[in-house]
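# Examination of the molecular architecture
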Amino acid sequence: MGKCNEKLCRTSLSNYVSKDDLGIYFTADGSKAAVYKQNVISVSIQLKAGYTYFLVGKNGVSISNDGPMSATFDVLSDAGSIFHLGNSRTTMSNGGGCVTAMIIKTVKDCTVNLIGYGYVNETYNYEGRIIAIQLA
């Protein structure tokens with residue numbers, strides 16, 4: 001990468017980009033109690049037929065633990081053409097979360113679920129967020 005233009009580096013990004021420049025996007029967030037040794041849907045988002053979307057999903061958890069946590073998208077296979085990263089995993093410790101992504105070209109209205117797995121036998125919530133950006 002090249003050097004940063006000094007004027008650009010000292011100027012807020014908001015001087016160049018506004019919310020109107022972002023295009024069409026949708027968001028959803030939710031929280032669901034984890035269930036030991038089971039998948040849980042932390043949040044869902046509804047998508048309309050006939051569009052291509054790029055989705056990013058993030059699961060966080062409400063406890064700090066050394067155990068694993070996960071994030072994966074789930075959608076009916078007949079909803080359209082799908083490419084996704086699959087099941088992402090990390091540890092619960094030190095905050096943060098687990099992120100996954102997907103591109104879907106919908107052929108019918110559908111619901112996309114963000115799922116977490118209850119790896120740890122404790123009381124905690126999966127806290128999910130989804131951003132769906134309409135590409136075409």
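Read on for an overview of the structure. (Residues numbered from 1 in each chain as written. Predicted model: local features only at pLDDT ≥ 70, side-chain atom pairs only at ≥ 80, totals over all residues. Heavy atoms only, no water.)

A few words now on the overall build of the protein chain. In terms of regular secondary structure, the protein chain is built from one helix and nine strands. In sequence order, the protein chain lays out its α and β elements as α-β-β-β-β-β-β-β-β-β. The contacts in the protein chain between residues at least 6 apart in sequence include a share of 75% that link residues at least 24 apart. Accessible surface for the protein chain amounts to roughly 8500 Å². Of this, 51% is attributable to carbon and sulfur atoms. (Helix = DSSP H or I, 4+ residues; strand = E, 2+ residues; numbered from the N terminus. Contact = heavy atoms within 4.5 Å. Areas by Shrake-Rupley, 256 points an atom, 1.4 Å probe, with all protein chains shown as cover.)

Glancing now at the sheet that holds strand β2 (residues 39-47). Strand order across the open sheet formed by four strands is β2-β8-β4-β6, with antiparallel pairing between neighbours. A strand with exactly one partner marks an edge of an open sheet, and here the two such strands are β2 and β6 (88-91). Recorded for the sheet is a direction-independent mean angle of 20° between the axes of neighbouring strands. (Pairing = 2+ DSSP bridges. Axes fitted to C-alpha atoms, helices over the stretch in contact; angles between N-to-C directions.)

Glancing now at the sheet that holds strand β9 (residues 125-134). Reading across the sheet, the five strands line up as β1-β9-β3-β7-β5 and stay open at both edges, with antiparallel pairing between neighbours. The sheet terminates laterally at β1 (25-33) and β5 (80-84), the two strands that pair on one side only. With direction set aside, neighbouring strand axes in the sheet form an average angle of 20°. Sheet topology note: the β1/β9 ladder contains nine bridges and is antiparallel. Considered in β9, the bridge of A33 is made with N125.

Our next topic: the nonpolar core. Grouped together as the largest cluster of nonpolar side chains are 27 residues, with contacts concentrated most on I45, L47, L55, I104, V112 and Y124. Elements with a minimum of two residues in this core: β2, β3 (52-61), β4 (68-74), β7 (98-106), β8 (110-117) and β9. Of all the elements, β2 adds the most residues to this core, at four residues. Leaving out residues up to four positions away in the same chain, L55 has contacts with I45, L47, F73, T100, A101, M102, I104, V112, I130, I131 and A132. (Core = buried A, V, L, I, M, F, W, Y, C linked by side-chain atoms within 4.5 Å. Buried < 20%, exposed > 50% of the residue type's maximum accessible area, 1.4 Å probe, protein only.)

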